[in-house]
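# Per-entry structural report
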Amino acid sequence: MQTELKAYQVGDNDIVAHYSPEQAASFLCNYSGYPEGEFEASDVEEVEDSFLDAPMQDEDGNECLPLRTDLDAATEPTYLHGWE
């Protein structure tokens, strides 16, 4: 049985919703076309509540809904956010 989806930061620039750090790392490799093993569980951190609840801004500086909104709406593992 799967647990609830959590937000994980994988590497420096990406956040995905998944069930475990290992699965989040593998998901990002598949999603982004990286070789399997490019990211491992040691490259993954659970995103803190304060970040999930903070207002976001788009590239033009417009305020957007917090990241938690997308996490709560997710019904399966998914890519949530990235930046360069």
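A brief report on the enclosed structure follows. (Residues numbered from 1 in each chain as written. Predicted model: local features only at pLDDT ≥ 70, side-chain atom pairs only at ≥ 80, totals over all residues. Heavy atoms only, no water.)

### Here's the deal with the sheet that holds strand 6 (residues 78-82)
Taken in spatial order, the four strands make up an open sheet running 3-1-2-6, and their pairing is antiparallel. A strand with exactly one partner marks an edge of an open sheet, and here the two such strands are strand 3 (44-46) and strand 6. On average, each strand axis in the sheet is tilted by 30° relative to the strand beside it, whichever way the strands run. As paired strands, strand 1 (residues 6-10) and strand 3 are joined by three bridges and run antiparallel to one another. Bridging across to strand 3, Y8 finds its partner in E46. Running over the sheet, helix 1 (residues 21-32) touches strand 1, strand 2 (14-18), strand 3 and strand 6 and is turned about 120° from strand 2. (Pairing = 2+ DSSP bridges. Helix = DSSP H or I, 4+ residues; strand = E, 2+ residues; numbered from the N terminus. Axes fitted to C-alpha atoms, helices over the stretch in contact; angles between N-to-C directions. Contact = heavy atoms within 4.5 Å.)

### Considerations on the nonpolar core
In terms of nonpolar packing, the biggest core is built from twelve residues, these being L5, A7, I15, A17, Y19, V47, L52, M56, L67, L71, A74 and L80. Elements represented by at least two residues in this core include exactly strand 2 and helix 3 (67-73). The contacts of L67, once residues within four sequence positions are left out, are I15, F51, L52, A54, M56, L80 and H81. One finds V10, A24, L28 and F39 within the second-largest nonpolar core, a separate group that totals ten residues. (Core = buried A, V, L, I, M, F, W, Y, C linked by side-chain atoms within 4.5 Å. Buried < 20%, exposed > 50% of the residue type's maximum accessible area, 1.4 Å probe, protein only.)

By themselves, these observations are geometric and do not establish any function.
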